[in-house]
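# Chain and residue survey
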Protein chains: 2
Amino acid sequence: MKRKVTLKQIAKELDVSISTVSRALSNSKEIGEETRQKIQAFAKFYNYRPNNIALSLKNKKTKTIGILIPEIVHHFFSTVIRGIEIVANKRGYNVIIGLSNESFSKEVINMEMLANGSIDGFILSISKETLLQQDYHHFKETISQGIPIVMFDRVINEVDCDKVIVDDYKGSINAVKKLIATGCKNIALITTMDYVSVGKLRTQGYLKALEDHRINPKASLILKLDDSLALEEHLDILEREIEQFFKNNDKIDGIFAVNELYAVTAMKVARKLDFRIPEDIQVIGFTDGVLSKHARPSLTTVSQHGQKMGEQAANLLIDRLELDDEEDDVYVDENEIDMDFKTVVIETELIERESTK
Amino acid sequence: MKRKVTLKQIAKELDVSISTVSRALSNSKEIGEETRQKIQAFAKFYNYRPNNIALSLKNKKTKTIGILIPEIVHHFFSTVIRGIEIVANKRGYNVIIGLSNESFSKEVINMEMLANGSIDGFILSISKETLLQQDYHHFKETISQGIPIVMFDRVINEVDCDKVIVDDYKGSINAVKKLIATGCKNIALITTMDYVSVGKLRTQGYLKALEDHRINPKASLILKLDDSLALEEHLDILEREIEQFFKNNDKIDGIFAVNELYAVTAMKVARKLDFRIPEDIQVIGFTDGVLSKHARPSLTTVSQHGQKMGEQAANLLIDRLELDDEEDDVYVDENEIDMDFKTVVIETELIERESTK
DNA sequence: TTGTAGGCGTTATCAT
DNA sequence: ATGATAACGCCTACAA
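All residue numbers here refer to positions counted from 1 along the written sequence of the relevant chain. Both sets of labels track the order of writing: A upward for chains, 1 upward for ligands. At least 70 in pLDDT is required for a residue's local features to be given in this predicted model, at least 80 for side-chain atom pairs to be given and counted, and no such filter applies to totals for whole chains, interfaces and linings, which use all residues. As a rule here, side-chain values cover all heavy atoms of the structure and leave hydrogens and water aside.

### Some words on helix H6 (residues 104–115) of chain A
Residue and element names in this part refer to chain A. As a reminder, the rule being used: Strands here are runs of E lasting at least two residues and helices are runs of H or I lasting at least four, both read from the DSSP assignment and numbered beginning at the N terminus. The span you would expect from a helix comes to 1.5 Å times its residue count less one. Partly exposed residues are those whose accessible area sits between 20% and 50% of the maximum for their type, while under 20% is buried and over 50% is exposed, using a 1.4 Å probe and protein chains only. Relevant arc is that of directions from the helix axis to the C-beta atoms, nothing else.
The terminal C-alpha atoms of H6 lie 16 Å apart, and with 12 residues this matches the ideal 16 Å at 1.5 Å per residue to within 8%. All of the buried residues in H6 are Phe104, Glu107, Val108, Asn110, Met111, Leu114 and Ala115. The buried residues of H6 occupy one face: seen down the axis, they fall within an arc of 170°. Just past H6, the residue Gly117 takes up positive phi, approximately 105°.

So this is what it looks like as structure tokens:
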């Protein structure tokens, strides 16, 4: 077992000082040609690599990004991670992942754990429980400690930081307008409880689209579901809820669902009740995942471009990190808070498939 | 902006030595009651937390696990990550992720990047390109540097390390036997090229099941597909290939596919050709993902229990890491290589749904 | 009971 | 051209 070589060992072996080795390896020209050759050859032979941890301690930066998300077994989130990873890697950063599992306390613990030196900045999407409790102290504290945060998708106004979102409002409007344009008269909305900001915005988009076309929204056409129904164990309950909803509203000819699962389940129920899709009922879902592509019929969706969101988030964060670097040198007025946080909006895209005309 | 406090700052502020502060905070009883109180109160007020990086450097362990996988936007892999994360977190470890994107060089680079002190051990699944080139030097070097590796799912015999696999062979046998038991006479296999070990094993299981029932395998009933067809861009080609396959074999009454996508696509094609499922053709897929549950009809699958695999892998790795800790103290014969690597086999489970009788 | 000093691996500054 | 030293933040053996 050949442990990693250190500068010290090389120095001892070659009977020079540590600093000489360090300089030789960084190609400093104040080192004699022959010593440099010798040291570099030796280092190469023993496959010397500087120790990241030591560098991190010295430079006070780890070159790693902390990602904090509610759930990883989820097409959208993993897409975002992929985007982050691509950019991070290209720009010389690593990526460390924490899962909140939609729990406030796990989010806080994870954050504190990583904020103790392990990472230079966070990219995160807020857990549902946090959103519900509206307790954002951990974000604020982290930021006040000088650790920048970039939020994506599930963001909040209460915290000043860079954000990457999708235009949920506009995306929903477009989706519903598409349904209206293709002849739907009674468009149902299947959504979640309001505290998840994106759910709320999508609901508002739905209402706005109706309003723009002078269609009166009917409460009976809106189904608000508990999130827990999205869990695997409760798929059958979800199905029953939706079936009941259909039976109470026999004139439904269009459905806009705030996520893929609701949309696909609605299609399943509709077919079971002998509606034809898209002839009798058209369906559009928000979020473009695996299900949508492979559903029968395939589902028209509003794509969020998760990977692009991830890439943008990573670029925003790294830009800020490297900006901070420079500012460390020059004089910066402590009172002059940087108010110049960006919110990048990624355009949604309506991907038309078989579930609409 | 209140930066993180360090022991040094606290010491200076309270006019005691750094070691006194350190000891007071670790509740050492050789510190006077009052000084301890004072220091602890001060530390609490300023929300002192030891710096992870400094600890890592000192202890020569980072308490973080490196995960190296080919792809993250993939139900199985993200399930495994979830399992790893749960155990890692519970046992006080963080998780850092690298994606090889099925590329050999990215795998090597990622590995070297993380092996320079960032992590204590790896949990990984080998990229296809690596499997194809059969170049495993990076794994061996990492291990010889004293960094343990646990491989899962896509593993190889050539490297000595702990492994977590699913019994692909047995799982496939069971699946095919199920098809035989429910009356299938002409069972087709849809598989990948042989260099992906799991694909090979699943193919062998298929053959074995036939053999056990004295059924002669027919080459015409085996469709070997290029992996690239699993990419989104090529879904239509995949569909066409499978359709052609069906047309060349009009007696197929059962299908065993080595992954979910092939299985679902086969069902799609079968229905298009007016076969009824499961009456005319029964279908089973390996890997239980989102598609299987929501397909129409829902797909019978061989579940790999990804989360359990992740949990096992994490436990194996951490066990070894903490074992190494102890051994650092006692005398260990350098020549006495630890041959006692475990290979944990996770039992597969046949999840019966609507695509079989 | 408290302080001093050394070391983890690096790099940068200041001597020689 | 090379070496000694300090510093990053922490812990701990040894001194006092």
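### A closer look at the protein's contact with DNA strand D
This is how the line gets drawn: It suffices for a single heavy atom of a residue to lie within 4 Å of a molecule or strand for the residue to be listed as near it. Two N or O atoms form a polar contact when they lie within 3.5 Å of each other; inside protein one atom must be a possible hydrogen donor and the other a possible acceptor, and for residues adjacent in sequence the pair counts only when both atoms belong to side chains. Residue polarity is assigned by list, with Asp, Glu, Lys and Arg as charged and Ala, Val, Leu, Ile, Met, Phe, Trp, Tyr, Cys and Pro as nonpolar; anything else, Gly included, falls into the polar class.
Around DNA strand D, the surrounding shell holds 25 residues, and the nearest of these are A:Thr20, A:Arg23, A:Gly32, B:Leu7 and B:Tyr48. The sugar-phosphate portion of DNA strand D accounts for 63% of its atoms within 4 Å of the protein, the bases making up the rest. Interatomic distance of 2.6 Å between a side-chain N/O atom of A:Arg23 and a base nitrogen of DNA strand D. Sorting the residues of the surface near DNA strand D by element identifies helix H2 (18–25) and helix H4 (52–59) of chain A together with helix H1 (7–14), helix H2 (18–25) and helix H4 (52–59) of chain B as the ones contributing at least two each. Of the residues that constitute the surface near DNA strand D, the class distribution is 8 nonpolar, 9 polar and 8 charged.

### Overview of the packing of H1(B) against H2(B)
Residues and elements named next belong to chain B. The cut-off we apply is this: To obtain each axis, a line is fitted to C-alpha atoms, and for helices this fit is confined to the stretch in contact; angles are then taken between N-to-C directions over 0 to 180 degrees. Here the angle decides the label: under 35 degrees means roughly parallel, over 145 means roughly antiparallel, 65 to 115 means roughly perpendicular, and every other value means oblique. Residue contacts are defined here by distance: any two heavy atoms, one from each residue, within 4.5 Å place the two residues in contact.
For the pair H1 and H2, interaxial distance at closest approach is 8 Å and the crossing angle is 110°. As summarised for this structure, H1 and H2 are arranged roughly perpendicular, according to the angle between their axes. Taking contact as the criterion, the partners of Leu7, Lys8, Ile10 and Ala11 in H1 are, on H2, Ile18, Val21, Ser22 and Leu25. Residue composition of the contact of H1 with H2, grouped by class: 6 nonpolar, 1 polar and 1 charged.

### Details of the nonpolar core
Formally: Residue types Ala, Val, Leu, Ile, Met, Phe, Trp, Tyr and Cys, when buried and joined through side-chain atoms within 4.5 Å, form a set referred to as a nonpolar core.
Among the nonpolar cores identified, the biggest contains 148 residues, and A:Phe256, B:Ile190 and B:Phe256 are the most heavily contacted of them. Beyond its immediate stretch of four places on either side in the chain, B:Ile190 contacts B:Leu223, B:Leu225, B:Ile242, B:Phe245, B:Ile255, B:Phe256, B:Ala257, B:Val258, B:Tyr262 and B:Ala266. Residues A:Ile147, A:Ile156, B:Ile147 and B:Ile165 belong to the second largest nonpolar core, which totals 39 residues.

### Focus on the sheet that holds strand E7 (residues 222–225) of chain A
Residues and elements named next belong to chain A. The test is simple: Pairing between two strands is assigned when DSSP locates at least 2 bridges connecting them.
With mixed pairing, 6 strands are arranged side by side in an open sheet as E7-E6-E8-E9-E10-E12. Every other strand in the sheet has two partners, leaving E7 and strand E12 (349–351) as the edge strands with one partner each. Strand after strand, the sheet turns through a mean of 15° between neighbouring axes, direction not considered. Bridge analysis of strand E10 (residues 300–303) against E12 gives 3 bridges, and the strand direction is antiparallel. When the bridges of E12 are listed, Thr301 appears paired with Ile351.

### Focus: the protein's contact with DNA strand C
What surrounds DNA strand C is a group of 26 residues, the closest being B:Ser19, B:Thr20, B:Arg23, B:Gly32 and B:Lys58. For DNA strand C, the fraction of protein-proximal atoms (within 4 Å) that sit in sugar or phosphate groups is 59%. Take A:Ser22: an N or O atom from its side chain is 3.1 Å from a phosphate oxygen of DNA strand C. Looking at the surface near DNA strand C, the elements with two or more residues in it are helix H1 (7–14), H2 and H4 of chain A together with H2 and H4 of chain B. Looking at the surface near DNA strand C element by element, the count peaks at 4 residues for H2(A). Tallied by class, residues from the surface near DNA strand C come to 9 nonpolar, 9 polar and 8 charged.

### Comments concerning the relation of the copies chain B and chain A
Applicable threshold: The least-squares superposition of copies is restricted to C-alpha atoms, and to residues with a pLDDT of at least 70 in both copies.
Once chain B has been moved 0.0 Å along the axis and rotated by 180°, it coincides with chain A to within an RMSD of 0.1 Å. As the rotation angle and translation indicate, the two copies are arranged about a two-fold axis. Minimal C-alpha separation from the rotation axis in chain B is found for B:Ile96, amounting to 2.0 Å. Here 100% of the contact residues of chain B are again contact residues in chain A; the copies associate through an equivalent surface.

### Here we look at the sheet that holds strand E9 (residues 282–286) of chain B
Residue and element names in this part refer to chain B. Within the open sheet, the 6 strands sit side by side as E7-E6-E8-E9-E10-E12. Their pairing is mixed. The open sheet has two free edges, formed respectively by strand E7 (222–225) and strand E12 (349–351), since each of these has just one partner strand. With strand direction ignored, the average angle separating the axes of adjacent strands in the sheet is 15°. Bridge count between strand E6 (residues 187–192) and E7: 4 bridges; the pairing is parallel. In the sheet register, Thr191 faces E7, and the bridge partner there is Lys224. Strand contacts of helix H11 (residues 235–248): E6, E7 and strand E8 (254–257), with the helix running at about 165° to E7, the strand carrying the most contacts. This element, helix H12 (residues 260–272), spans E6, E7, E8 and E9 of the sheet and lies at about 160° to E9.

### Observations regarding the pairing of strand E4 (residues 149–152) of chain B
It is a general feature of regular strands that their side chains alternate between the two faces of the sheet. Residue and element names in this part refer to chain B. With burial as the criterion, each face of E4 is covered, one bearing Ile149 and Met151 and the other bearing Val150 and Phe152. Bridge count between strand E3 (residues 121–124) and E4: 3 bridges; the pairing is parallel. Bridge pairing in E4 places Leu124 opposite Met151. In this structure, E4 lies alongside strand E5 (residues 162–166), joined through 3 bridges in parallel fashion. Residue Phe152 lies in a different strand from E5, and its bridge partner there is Val164.

### Overview of the pattern of salt bridges
All names here are of chain A. Worth spelling out the cut-off: By salt bridge we mean one thing: a side-chain nitrogen of Lys or Arg within 4 Å of a carboxyl oxygen of Asp or Glu.
Using the criterion set out here, one finds 37 salt bridges over all chains in the structure. Among the ionic pairs, Arg240 bridges to Asp236, the shortest N-O distance being 3.4 Å. Placement of both Arg240 and Asp236 in helix H11 (residues 235–248) is noted, with a separation of 4 residues, approximately one turn of the helix. Residue Asp288 is joined to Lys293 by a salt bridge in which the shortest nitrogen-to-oxygen separation is 4.0 Å.

### So, the interface of chain B and chain A
Applicable threshold: What gets called buried area is simply the loss in accessible area from a 1.4 Å probe that two parts show on being joined, summed for both.
Chain B puts 55 residues into the contact, and the matching count from chain A is 55 residues. The contact between chain B and chain A buries some 5,200 Å² in all, and 55% of this surface belongs to carbon and sulfur atoms. Three residues stand out in chain B for area buried against chain A, namely B:Ile53, B:Asn116 and B:His294, and they jointly supply 13% of the buried area on that side. A:Glu85 is the partner of B:Lys106 in a salt bridge, and the nearest nitrogen-oxygen pair spans 3.6 Å. The interface formed by chain B and chain A includes 12 residue pairs in polar contact (both at pLDDT 80 or more). Elements represented by at least two residues in the side of chain B that touches chain A include exactly H4, helix H5 (75–90), strand E2 (94–99), helix H6 (104–115), helix H8 (137–144), H12 and helix H13 (290–294) of chain B. Counting residues per element, the side of chain B that touches chain A draws most heavily on H5(B), at 7 residues. A per-class count over the side of chain B that touches chain A returns 20 nonpolar, 20 polar and 15 charged.

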